[in-house]
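# Architecture and fold: a report
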Amino acid sequence: MIEFSDVTKQYPDGTIAVDGLSLTIESGSFTVFVGPSGCGKTTSMRMINRMIAPTSGTISVDGKDITTSNAVQLRRGMGYVIQSAGLLPHRTVVDNVATVPVLQGVSRRAARKSALEVLERVGLDLALATRYPAQLSGGQQQRVGVARALAADPPILLMDEPFSAVDPVVREDLQNEMQRLQAELRKTIVFVTHDIDEAVKLGDKVAVFGRGGVLQQYDEPQKVLAS
Ligand code: ADP
Ligand code: ADP
């Protein structure tokens, strides 16, 4: 469980991005932060893995205040996927996915073997595994991005507009893949989007953001559309 208690973030220029946010994200839930641009969704997500520190308030993971955890340890438990897959350009697809496990001490051979398994799981054609990222389409790169985030089998997956930059047909494909994966893996997923249809399709919990934080939370995503 991830818990925000009265969390505020003010950037050095004075912008208050998040204002007194309290929110509980249940373990194993697919929680979507949805709302217009600029209302603090990304800032909130980045505070979960300590990329950004709150100005006040506390965030805990499984009851433990994250400011008391070691940042590297904390991030090991969290895969992170962003809009541009952010792959390493000079490494092949399989090595991109194997990188984190290798850094964590897994042998290269074992890491490559499990990287191929994860790539298969996210639906990538394995013939692409020895290519470089630039040789893949945007949608294929995003699949690799998801595989990389899952490679070390973290319990938490943070996803920031992961499918916004791909065309609608591929996006739908990736969304379906995510649904299938989550049914299998039951991670705690925090997913940021500005697309209400995507939120309702993927989320089992939806937090609708307005300026500075959550306006309303829904346990039944369909109700977002009714409101
Ligand atoms: P969202 O993800 O909902 O689009 P963000 O969390 O990115 O919202 O941004 C929330 C607010 O904080 C916006 O007004 C944005 O301009 C501002 N903001 C984001 N990052 C910074 C920063 N590094 N410095 C100053 N203001 C920022
Ligand atoms: P650090 O980022 O603190 O130097 P490592 O490079 O050892 O730590 O990475 C540990 C874990 O944190 C890896 O799973 C990596 O994918 C993840 N990670 C690294 N940097 C970031 C980041 N900026 N945002 C989210 N996760 C990250």
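Rules used in this analysis
Residues numbered from 1 in each chain as written. Chains lettered and ligands numbered in written order. Predicted model: local features only at pLDDT ≥ 70, side-chain atom pairs only at ≥ 80, totals over all residues. Heavy atoms only, no water. UniProt positions renumbered as here; feature names shortened; annotations may be inferred. Near = heavy atom within 4 Å. Polar contact = N/O pair within 3.5 Å; in protein donor to acceptor, adjacent residues only side chain to side chain. Areas by Shrake-Rupley, 256 points an atom, 1.4 Å probe, with all protein chains shown as cover. Nonpolar A, V, L, I, M, F, W, Y, C, P; charged D, E, K, R; others polar. Pairing = 2+ DSSP bridges. Helix = DSSP H or I, 4+ residues; strand = E, 2+ residues; numbered from the N terminus. Buried < 20%, exposed > 50% of the residue type's maximum accessible area, 1.4 Å probe, protein only.

Per an unreviewed UniProt entry, the recorded name for the protein is ABC-type quaternary amine transporter, and the organism is Antrihabitans stalactiti. Under Sequence similarities (unreviewed entry), UniProt gives the following word-for-word description of the protein: "Belongs to the ABC transporter superfamily."

### Points about the site of ligand 2
What surrounds ligand 2 is the set Asn-49, Met-51, Val-72, Arg-75, Tyr-80 and Val-100. Within the side chain of Asn-49, a nitrogen or oxygen atom sits 3.3 Å from a nitrogen atom of ligand 2. At a separation of 3.0 Å, an oxygen atom of ligand 2 approaches a polar side-chain atom of Arg-75. For ligand 2, whose free accessible area comes to 530 Å², the fraction covered by protein is 58%. A breakdown of the residues in the shell around ligand 2 according to their chemical character gives four nonpolar, one polar and one charged.

### Here's the deal with the sheet that holds strand 2 (residues 16-25)
With antiparallel pairing, the four strands of this open sheet are ordered in space as 2-1-4-5. Two strands bound the open sheet, and with one partner strand each, they are strand 2 and strand 5 (64-65). Both strand 1 (residues 2-10) and strand 4 (residues 56-61) contribute to a ladder of five bridges, which runs antiparallel. The residue of strand 4 that forms the bridge with Ser-5 is Thr-58.

### Considerations on the environment of Ala-134
Tracing the backbone shows Ala-134 in the loop between helix 4 (108-121) and helix 5 (138-150). Judged by its relative accessible area of 75%, Ala-134 falls in the exposed class. Each C-alpha atom, one on Ala-134 and one on Arg-46, is 27 Å from the other, the two residues being 88 residues apart in sequence.

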